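Each chain, written out:
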Amino acid sequence: MDQSVRNQDNWQDKEQDQGQDNWQDNWNAYEAHAAQLERPFAGRYRSCRFDYQHPLRLQRRVPSRLRRVYPVSVAYTHWGQAGQPLILCVGGVANCAHRFHFLAAGLAASYQVVCMDWVGRGYSGWLADVSEYQLETYVEQLRQCLLHLGARRATLVGSSLGGTAAIVLAARHPELVSRLILNDTGPFIPAGRRRRRAETLARHYVFRNPADLLRKVGVSQRNDGPVQETVRLYTTHHQTRWSEDEDGRIYRYDPRAMLAYREDARHNVNVWPEWWRLRQPILATHGLESDALLAPTLRRMGQNPALTLMHVPHTGHTPVLDDPNHIAFIRDWLAGGQGLGREFTALPAPRQA
């Protein structure tokens, strides 16, 4: 594997003193500090919505007399200018769209970047029945979002669950998908790893103070790599919301979606049949400490000549893709990838003193 390094400015290292000594003490200080972290993104994206129409064919476990096509409001953020090539980003089972804002900010000069919340997560609406939170729903949501955006073909960026849904959609509807970026995701994820994650997600947490929030979410994000506190705070702020009933912050998702994931996590993810149908160029990022994207899977994936593999050191499942070097390599791959080779290691950008 060739090792490559890019040196670029890291805006997170240029942050000014924003009251970091006291923001963990109370929620008012926490909100003020979180608002400061939004400033680098201010005015650079629009918050948008569209109505996802949940079809009858995905309501099979609902009594027939209660089935109907119904809309669910889906939230997404839109970066860049109309007419630019489209990139659609979707996250993992409990991610929010704002987790992709660091990547979107680095690509928006040349692309439209849309970051979407899954139904039942983030700022999107919830489904009517727990049984409807399934892979086929997420594939259909992806399809409807692309049609809503009106792009002829798009690049899909998917982390974990998002990557699985992207593989399936690209195999079934190649006319909609030009390229795939799979963030520590492949056609196979072992059930054991999924069960461990499911047991964490299917619990109800109430965060009584900001320090408790950052400590708990920090543990759950330890696989994300050497991520700065500013990045963790930004993503966790959008991943949680204030609950008057609970007198604390709670995760911004439908608990039934996590219960559905726990049920599904008894099984491996296995979309190898769809994988072998892919003809689009594929970039797969791989956290070198990942317990989801394993060496046997990577070797088998490598039989697809369209695959480029980017290893990310000191990182598990999944990289945040906030590092300037990682974003630069993705930008180069999108531009044609000359000089990258089929497999390389993307070292992090040096931190400024």
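Before any of the text, the structure's been laid out above.
This is a predicted model, so every value here is computed, not measured. (Residues numbered from 1 in each chain as written. Predicted model: local features only at pLDDT ≥ 70, side-chain atom pairs only at ≥ 80, totals over all residues. Heavy atoms only, no water.)

A. Local environment of the packing of aromatic side chains. Enumeration according to the criterion identifies 16 aromatic pairs in this entry. Between F50 and Y76, the ring centres sit 6.3 Å apart and the planes meet at 55 degrees, which makes this aromatic pair tilted. One end of the pair, F50, is in strand β2 (residues 45–54); the other, Y76, is in strand β3 (residues 70–79), with 26 residues separating them in the sequence. Residue F50 is classed as buried on the basis of its relative accessible area, which comes to 7%. You can call Y76 buried: its relative accessible area is 7%. Taking 5.6 Å as the distance between ring centres and 85 degrees as the angle between the ring planes, the aromatic pair formed by F207 and Y251 counts as edge-to-face. Pair noted here: F207 is in the loop between α5 (191–201) and α6 (210–220) and Y251 is in strand β10 (residues 248–251), with a separation of 44 residues, a long-range link. (Phe/Tyr/Trp six-rings, centres within 6.5 Å; stacked < 30°, edge-to-face > 60°. Helix = DSSP H or I, 4+ residues; strand = E, 2+ residues; numbered from the N terminus. Buried < 20%, exposed > 50% of the residue type's maximum accessible area, 1.4 Å probe, protein only.)

B. The arrangement of the state of the cysteines in detail. For the coordinates displayed, the defined rule picks out zero disulfides. C115 provides the cysteine sulfur closest to C89, a residue in no disulfide bond, and the two sulfurs are 4.6 Å apart. Note on C115: relative accessible area 0%, which makes it buried. (Disulfide = S-S within 2.5 Å.)

C. Layout of the pairing of strand β14 (residues 343–346). For strand β13 (residues 307–312) and β14, the ladder comprises three bridges, and the chain directions are parallel. For H311, the partnering residue across the bridge sits in β14 and is T345. (Pairing = 2+ DSSP bridges.)

D. Representation of the pattern of salt bridges in the model. Counted according to the given criterion, the structure contains ten salt bridges. Salt bridges sharing partners connect three or more residues here, namely R57, E140 and R143. (Salt bridge = Lys/Arg side-chain N within 4 Å of Asp/Glu carboxyl O.)

E. Quick look at the packing of helix α1 (residues 27–37) against helix α7 (residues 229–239). Look at α1 against α7: their axes get within 10 Å of each other, and the N-to-C directions meet at 110 degrees. Classified by the angle between their axes, α1 and α7 sit roughly perpendicular to one another. Contacts from Y30, E31, H33, A34 and L37 of α1 reach α7 at T230, L233, Y234, T236 and H237. Residues belonging to the contact of α1 with α7 are distributed by class as follows: five nonpolar, four polar and one charged. (Axes fitted to C-alpha atoms, helices over the stretch in contact; angles between N-to-C directions. Parallel < 35°, antiparallel > 145°, perpendicular 65-115°, else oblique. Contact = heavy atoms within 4.5 Å. Nonpolar A, V, L, I, M, F, W, Y, C, P; charged D, E, K, R; others polar.)

F. Up close: α1. Taken together, the buried positions of α1 are W27, A29, Y30, H33, A34 and L37. Down the axis of α1, the buried set is contained in an arc of 155 degrees. They therefore lie on one face. Sitting at the head of α1, N26 places a side-chain oxygen 3.1 Å from the backbone nitrogen of N28. (Arc of directions from axis to C-beta. Polar contact = N/O pair within 3.5 Å; in protein donor to acceptor, adjacent residues only side chain to side chain.)

G. Summary view of the packing of α5 against helix α8 (residues 255–264). Two numbers describe how α5 lies on α8: the axes approach to 9 Å, and their chain directions differ by 155 degrees. Between α5 and α8, the crossing angle belongs to the class labelled roughly antiparallel. Between α5 and α8 lies a crossing of left-handed hand. Contacts between α5 and α8 pair R194, R197, A198, E199 and L201 from the former with M258, Y261, R262 and D264 from the latter. Across the contact of α5 with α8, the residue classes tally to four nonpolar, no polar and five charged. (Left-handed = near helix turned anticlockwise from the far one by under 90°.)

H. Local environment of the side chain of T164. Position of T164 among the secondary structure elements: in helix α4 (residues 161–172). Here T164 falls in the buried class, since its relative accessible area comes to 4%.

I. A look at unusual backbone geometry. Look at the link from H317 to T318: it is a cis peptide, with omega at 10 degrees. Relative to the helices and strands, T318 resides in the loop between β13 and α11 (324–334). Although it is not a glycine, S160 sits at a positive phi angle of roughly 55 degrees. As for its placement among the helices and strands, S160 is situated in the loop between β6 (154–159) and α4. Accessibility expressed as a relative area gives 18% for S160, which makes it buried. Positive phi, close to 60 degrees, is recorded for H314, a residue that is not glycine.

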